[in-house]
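So you can see what is in the structure, the chains are spelled out below.
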Amino acid sequence: MIKFFLMVNKQGQTRLSRYYEHVEINKRTMLEADVIKSCLSRSKDQCSFVEYKDFKLVYRQYAALFIVVGINETQNEMAVYELIHNFVEVLDKYFSRV
């Protein structure tokens, strides 16, 4: 199950966030800051799957935009990785030049 979906730029600013489980506002900012820091600090040679507390992070970088998805430990990481790619392709077709 997907817990949250984030779109973040390289400066660490959240551009879009969607939560699928209730998280209090003050905890959201702390969670986002920690998640963004852990994903942005990784090099391109490292894996796009990160163990984080009681769930996993799957992220993908497109130019200056990072898309991060938080999932349960039982979820398939490769399926979510492909979901991110399909989401970006749909945005690209709809808006042309995402």
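Fair warning: this is a prediction, and the values are worked out from it, not measured in the lab. (Residues numbered from 1 in each chain as written. Predicted model: local features only at pLDDT ≥ 70, side-chain atom pairs only at ≥ 80, totals over all residues. Heavy atoms only, no water.)

Student: Hey, could you run me through the sheet that holds strand S3 (residues 49-52) in this one?
Tutor: Sheet strands pair via backbone hydrogen bonds, and the direction of the pair is either parallel or antiparallel. One open sheet holds the five strands; their spatial order is S2-S1-S5-S4-S3, and the pairing between them is antiparallel. Two strands close off the open sheet at either side, each with one partner strand: strand S2 (14-19) and S3. Neighbour-to-neighbour, the strand axes of the sheet open up by a mean angle of 20 degrees, direction not taken into account. Where strand S1 (residues 2-9) lies against S2, five bridges are found, and the strand directions are antiparallel. Within S2, the residue paired with Phe5 across the bridge is Arg18. In this fold helix H1 (residues 25-40) packs onto S1, S2, S3, strand S4 (55-62) and strand S5 (65-71), with an angle of close to 65 degrees to the strand it touches most, S1. Against the sheet, helix H2 (residues 77-95) engages S1, S3, S4 and S5, with an angle of about 35 degrees to S4. (Pairing = 2+ DSSP bridges. Helix = DSSP H or I, 4+ residues; strand = E, 2+ residues; numbered from the N terminus. Axes fitted to C-alpha atoms, helices over the stretch in contact; angles between N-to-C directions. Contact = heavy atoms within 4.5 Å.)

Student: Sorry if this is basic, but what is going on with the packing of aromatic side chains here?
Tutor: Any pair of aromatic rings gets described here by the distance separating the centres and the angle formed by the planes. Scanning the entire structure with this criterion turns up seven aromatic pairs. Look at Phe4 and Phe55: their rings are 5.6 Å apart centre to centre, the planes differ by 85 degrees, and that puts the pair in the edge-to-face class. Residue Phe4 is found in strand S1, and its partner Phe55 is found in strand S4; the two are separated by 51 residues along the sequence. Residue Phe4 shares its accessibility class with Phe55, and that shared class is buried. Judged by centre distance (5.9 Å) and plane angle (85 degrees), the ring pair of Phe49 and Tyr81 falls under edge-to-face. Taken together, the residues span a long stretch of sequence, with Phe49 in strand S3 and Tyr81 in helix H2 at a distance of 32 residues. Ring pairs connect the aromatic residues Phe4, Tyr19, Tyr52 and Phe55, which therefore count as one cluster. Looking at Arg60, its charged tip hangs above the ring of Tyr81, at a distance of 4.1 Å from the centre. (Phe/Tyr/Trp six-rings, centres within 6.5 Å; stacked < 30°, edge-to-face > 60°. Buried < 20%, exposed > 50% of the residue type's maximum accessible area, 1.4 Å probe, protein only. Lys NZ or Arg CZ within 6 Å of the ring centre and 35° of its normal.)

Student: How should the side chain of Glu32 be read in this particular structure?
Tutor: Among the secondary structure elements, Glu32 is positioned in helix H1. Notably, Glu32 is buried but unbridged: the nearest opposite-charge side chain belongs to Arg28, and the N-O separation is 6.1 Å. A polar contact of 2.8 Å, which involves the side chain of Glu32, links it to the side chain of Tyr19. Sequence-distant contacts of Glu32, defined by excluding residues within four places in its chain, comprise Leu6, Thr14, Ser17 and Tyr19. (Lys, Arg positive; Asp, Glu negative; His and termini not counted. Salt bridge = Lys/Arg side-chain N within 4 Å of Asp/Glu carboxyl O. Polar contact = N/O pair within 3.5 Å; in protein donor to acceptor, adjacent residues only side chain to side chain.)

Student: Is there a simple way to explain the pattern of salt bridges in this structure?
Tutor: Here the idea is simple: oppositely charged side chains can pair when their charged atoms come close. Overall, the coordinates contain two salt bridges when judged by the stated rule. Between Glu21 and Lys3 there is a salt bridge; the shortest N-O distance is 3.7 Å. Here the residue Glu21 occupies a position in the loop between S2 and H1, and Lys3 occupies one in strand S1, the gap between them amounting to 18 residues. On the accessibility criterion, Glu21 (33% relative accessible area) is partly exposed.

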